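Single-letter residue listing:
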Amino acid sequence: MHYSEISADSLAVLRRGAVIPAHLLALDENRKLDTRRQRAMTRYYLDAGAGGVAVGVHSTQFAIRDVGLYEPVLELAMRTAREWEPLGGRRPLLMVAGLAGRTGQAVREAGVARGLGYHAGLLSLAAMKGATEDELVAHCEMVAQEMPLVGFYLQPAVGGIHLPTTFWRRFAQIDNVVAIKMAPFNRYRTLDVVRGVVAARAEDRVTLYTGNDDHIVLDLVTPFTFMRDGVPVTVRIRGGLLGHWSVWTLRAVELLDRIHHAVETDAITPHLLALDAQVTDCNAALFDVAHDFHGCIAGCHEVLRRQGLLQGTWCLDANEGLSKGQADELTRVQRDYPHLMDDDFVALHRERWLG
């Protein structure tokens, strides 16, 4: 599948920039898939105005592959997205599937995702540790033969590998690459990606998305200007594919709309910039920064548990859970930043989503 086969409306969602939540995994107390609540989460994201969802990614837990849940979870999200009538009516979506593993596995997963109707694959390179740059590029080229790719710079703290500008230039030159999610949680390495895309002359084809949950607002309002052939080239990060946006999603959609308007009208205000620190403070609690991200998935689960969408914070790995003091930190940010929370929206529609 080539990106030219994506419907024009769905491709436009990607190009303009959208809120794409990294879909969480709903489990019951036996750590088995809770289909009802998994479906309810997808409905929540769509009703909140997300431009699509990313399924089978880090927030969905890479371990779904070890317990036979990869295809069932992807299929459930796609079926729900097709059948659900969101608030405001149907609209184009951009559906992203997480792809992981060595080349054989990633190619197989791309085939599954393509068969289910996903538009693009978010390609994790965590399993390629120790590979040379040539081997990494060859791996990406093989998977890109199956479906359009979204590159993924995953932070090393949760399994990612260092990827220099030279890699991102070569990656962006692959014809079937449509976007890159930058999530190194590192300003220098984020710049490596942007520079690579500009050097590849791919800025019109490869749309940049932030995955830097620690720097969301500033990523989205900053113009990135680099010299190419003696001429300045400016690019922007258009949207976000974020674990942070798997919760409080309505507010994320409102925030991105506000940022798009501010960028288009050249009206970036100090109040808008101040939101960067507030969103980052929320993320510190959500992602358990105090304990090196140990509770990053359970923290997201806890927010949805408090809102009544999930029953608990269970992860596939019994060793993953909230860290000491993390629940108190979540309580603090919910108290301090009510304008960033969507509890009322969830309470109003929760029973409909669970129905």
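Cut-offs applied
Residues numbered from 1 in each chain as written. Predicted model: local features only at pLDDT ≥ 70, side-chain atom pairs only at ≥ 80, totals over all residues. Heavy atoms only, no water. Helix = DSSP H or I, 4+ residues; strand = E, 2+ residues; numbered from the N terminus. Rg over C-alpha atoms; globule rule 2.2 N^0.38 Å. Buried < 20%, exposed > 50% of the residue type's maximum accessible area, 1.4 Å probe, protein only. Contact = heavy atoms within 4.5 Å. Areas by Shrake-Rupley, 256 points an atom, 1.4 Å probe, with all protein chains shown as cover. Lys, Arg positive; Asp, Glu negative; His and termini not counted. Charge placed at Lys NZ, Arg CZ, Asp CG, Glu CD. 1 Å grid on protein atoms, 1.4 Å probe; cavity = no way out; pocket = protein on both sides within 12 Å on 5 of 7 lines; lining within 4 Å. Points joined across faces, edges and corners; volume = space filled by probe spheres on them. Nonpolar A, V, L, I, M, F, W, Y, C, P; charged D, E, K, R; others polar. Salt bridge = Lys/Arg side-chain N within 4 Å of Asp/Glu carboxyl O.

**Student:** Just to check I follow, could you spell out the overall build of the chain for this structure?
**Tutor:** For the chain, the count of helices and strands is 13 helices and nine strands. Radius of gyration (C-alpha) of the chain: 19 Å, near the 20 Å computed for a compact globule of 355 residues. Split into buried and exposed, the 355 residues of the chain put 58% on the buried side. Put simply, of all contacts in the chain between residues at least 6 apart along the chain, 77% involve residues at least 24 apart. For the chain, the exposed area adds up to about 13,900 Å²; of that, 51% sits on carbon and sulfur atoms. Positive and negative charge centroids in the chain, built from 37 and 43 side chains respectively, lie 1 Å apart.

**Student:** Just checking my understanding: could you explain empty space enclosed by the protein for this structure?
**Tutor:** Rolling a probe over the atoms, with the probe sized like a water molecule, indicates the empty space that remains. Inspection of the entire model under this criterion finds four cavities of 30 Å³ or more. Considered as a void within the structure, the largest cavity measures approximately 190 Å³ in volume. What lines the largest cavity is a set of 19 residues, among which His-58, Leu-154, Lys-181, Asp-213 and Phe-287 lie closest to the centre. Counting residues per element, the ones that place at least two in the lining of the largest cavity are strand E5 (149-154), strand E6 (177-183) and helix H11 (296-307). Split into classes, the residues belonging to the lining of the largest cavity amount to 12 nonpolar, five polar and two charged.

**Student:** Sorry, what's going on with the pattern of salt bridges here?
**Tutor:** Any two side chains of opposite charge can pair, so long as their charged atoms come close to each other. Per the stated rule, a full pass over the model turns up 21 salt bridges. Here Arg-65 makes a salt bridge to Glu-109, at a shortest N to O gap of 2.8 Å. Residue Arg-65 is located in the loop between strand E2 (54-55) and helix H3 (70-83), and its partner Glu-109 is located in helix H4 (residues 103-116); the two are separated by 44 residues in the primary sequence. Of the residues examined, Glu-109 reaches a relative accessible area of 6% and is grouped as buried. As a salt-bridge pair, Arg-114 and Glu-146 come within 2.6 Å of each other at their nearest N and O atoms. Here Arg-114, found in helix H4, pairs with Glu-146, found in the loop between helix H5 (133-144) and E5; they are 32 residues apart in sequence, far enough to count as distant.

**Student:** Before we go on, may I ask you to explain unusual backbone geometry in this structure?
**Tutor:** Excluding glycine, residues mostly have negative phi values, and the peptide bonds linking residues are mostly trans. One non-glycine residue, Arg-201, lies in positive phi territory at about 60°. Mapped onto the fold, Arg-201 is located in the loop between helix H7 (187-199) and strand E7 (207-210). You will see that Phe-293, though not glycine, has its phi angle at about 70°, which is positive. Of note, Phe-293 is situated in the loop between helix H10 (270-286) and H11.

**Student:** What's the story with the environment of Thr-280 in this structure? I'm lost.
**Tutor:** Position of Thr-280 among the secondary structure elements: in helix H10. The spatial distance from the C-alpha of Thr-280 to the C-alpha of Phe-171 is 29 Å, given a sequence separation of 109 residues. Apart from the residues lying within four places of it in its own chain, the contact partners of Thr-280 are Asp-214 and His-215.

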